[in-house]
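# Inside the fold
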Amino acid sequence: MIMKNKIAFIIPGFTEDSKEKKYQDIARMFQKRGIKPIIVGIDWKRKVMSDYVAQFLKEAEKCDAKEIYILGFSFGAVISFISSQKINPKTQILCSLSPYFKEDLPHIRARWKNFMGKKRIADFECNFSAKKIAKSTKCKTYLLAGTEEGIEVERRFKATGKEIKNCESIKVHGSKHDISNPEYLNEISKIIKTL
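What counts, and where the lines are drawn
Residues numbered from 1 in each chain as written. Predicted model: local features only at pLDDT ≥ 70, side-chain atom pairs only at ≥ 80, totals over all residues. Heavy atoms only, no water. Pairing = 2+ DSSP bridges. Helix = DSSP H or I, 4+ residues; strand = E, 2+ residues; numbered from the N terminus. Right-handed = clockwise from strand over helix to strand, strands pointing away. Salt bridge = Lys/Arg side-chain N within 4 Å of Asp/Glu carboxyl O. Buried < 20%, exposed > 50% of the residue type's maximum accessible area, 1.4 Å probe, protein only. Contact = heavy atoms within 4.5 Å. Core = buried A, V, L, I, M, F, W, Y, C linked by side-chain atoms within 4.5 Å. Axes fitted to C-alpha atoms, helices over the stretch in contact; angles between N-to-C directions. Parallel < 35°, antiparallel > 145°, perpendicular 65-115°, else oblique. Nonpolar A, V, L, I, M, F, W, Y, C, P; charged D, E, K, R; others polar. Polar contact = N/O pair within 3.5 Å; in protein donor to acceptor, adjacent residues only side chain to side chain.

The pairing of strand β5 (residues 140-146) with strand β6 (residues 167-172) spans six bridges and is parallel. Along β6, the bridge assignment pairs Ala145 with Lys171. The parallel pair β5 and β6 is bridged by helix α7 (residues 151-163), and the resulting crossover is right-handed.

Another aspect to go through is the pattern of salt bridges. Scanning the model with the defined rule gives 14 salt bridges in all. Its salt-bridge partner being Asp25, residue Lys21 comes within 2.8 Å of it at the nearest N-O pair. Of this pair, Lys21 and Asp25 both sit in helix α1 (residues 21-32), four residues apart, which is roughly one turn of that helix. According to the relative accessible area criterion, Asp25 is buried, its value standing at 16%. Among the ionic pairs, Glu187 bridges to Lys190, the shortest N-O distance being 3.4 Å. Placement of the pair is Glu187 and Lys190 together in helix α8 (residues 182-194), with a separation of three residues, close to one helical turn. On the basis of relative accessibility, which here comes to 44%, the residue Lys190 falls in the partly exposed class. Put simply, Lys6, Glu67 and Lys90 are held in one network by salt bridges that share partners.

Position of Ser80 relative to the elements: it lies in helix α3 (residues 75-87). Overall, Ser80 belongs to the buried group, its relative accessible area being 0%. When neighbours within four sequence positions are excluded, Ser80 is seen to be in contact with Ile11, Ile70, Gln92 and Leu94.

Formed by 44 residues in total, the largest nonpolar core has its most connected members in Phe9, Met49, Phe56, Phe75, Ile79, Phe81 and Tyr100. Tallying contributions element by element places α3 first for this core, with seven residues. Setting aside residues up to four positions removed in sequence, Phe56 forms contacts with Phe9, Ile11, Val40, Ile42, Ile70, Ile79, Ser83 and Ile87. Within the second largest apolar cluster, 25 residues are counted, among which are Met29, Ile35, Tyr69 and Cys95.

As a further point, take the packing of helix α2 (residues 49-61) against helix α5 (residues 118-127). With their axes 8 Å apart at the nearest point, α2 and α5 run at an angle of 75° to one another. Taken as axis vectors, α2 and α5 run roughly perpendicular relative to one another. For the pair α2 and α5, contact is made by Met49, Ser50 and Tyr52 and by Arg120, Asp123, Phe124 and Asn127, respectively. Of the residues belonging to the contact of α2 with α5, the class tally is three nonpolar, two polar and two charged.

For the rest of this paragraph, the subject is the side chain of Thr160. Relative to the elements of secondary structure, Thr160 occurs in helix α7. Of the polar contacts made by the side chain of Thr160, one reaches the backbone oxygen of Arg156; its length is 2.9 Å. Those residues in contact with Thr160, other than ones at most four positions away along the chain, are Phe81, Leu97 and Leu143.

By themselves, these observations are geometric and do not establish any function.
So this is what it looks like as structure tokens:
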């Protein structure tokens, strides 16, 4: 039975969408806990992180639930992390937080920067400090990352885990940057069962 006063927003990774099986599977996990899942559709094309956050907040404003949960993967995790200050969820689950914050940019590979494009990189540089966001994060936060992800993701995982006060860091053994990995989904399932 779904309780109307509990909602979980699920925010996909960059260029991904709500119809993908992995997000549908996660939605079912929340449903089993009596939490109504909403997989957020983000319009990724020709936009920057500030736009993605604004899109999500517009969706979240329509919600009048007593308890809000957010799960985001990669860029979706970044959107959740930034937005949590404004919508104050009970819990957020940040999966493979992307390492594009102001502090990360000096250490990012040139091809990663090129892939993201100058406008997205400039938006991160001007507007988003992970340290600043972490200091103002009040909600319970679960931070996940695969053991086989790149050094940049690992660095962001460690730093954010130390900087958020109420944070539990979980390493997903054998997983790359892939939320559909069975081990990854298993760790998410374990967290959702505690909510």
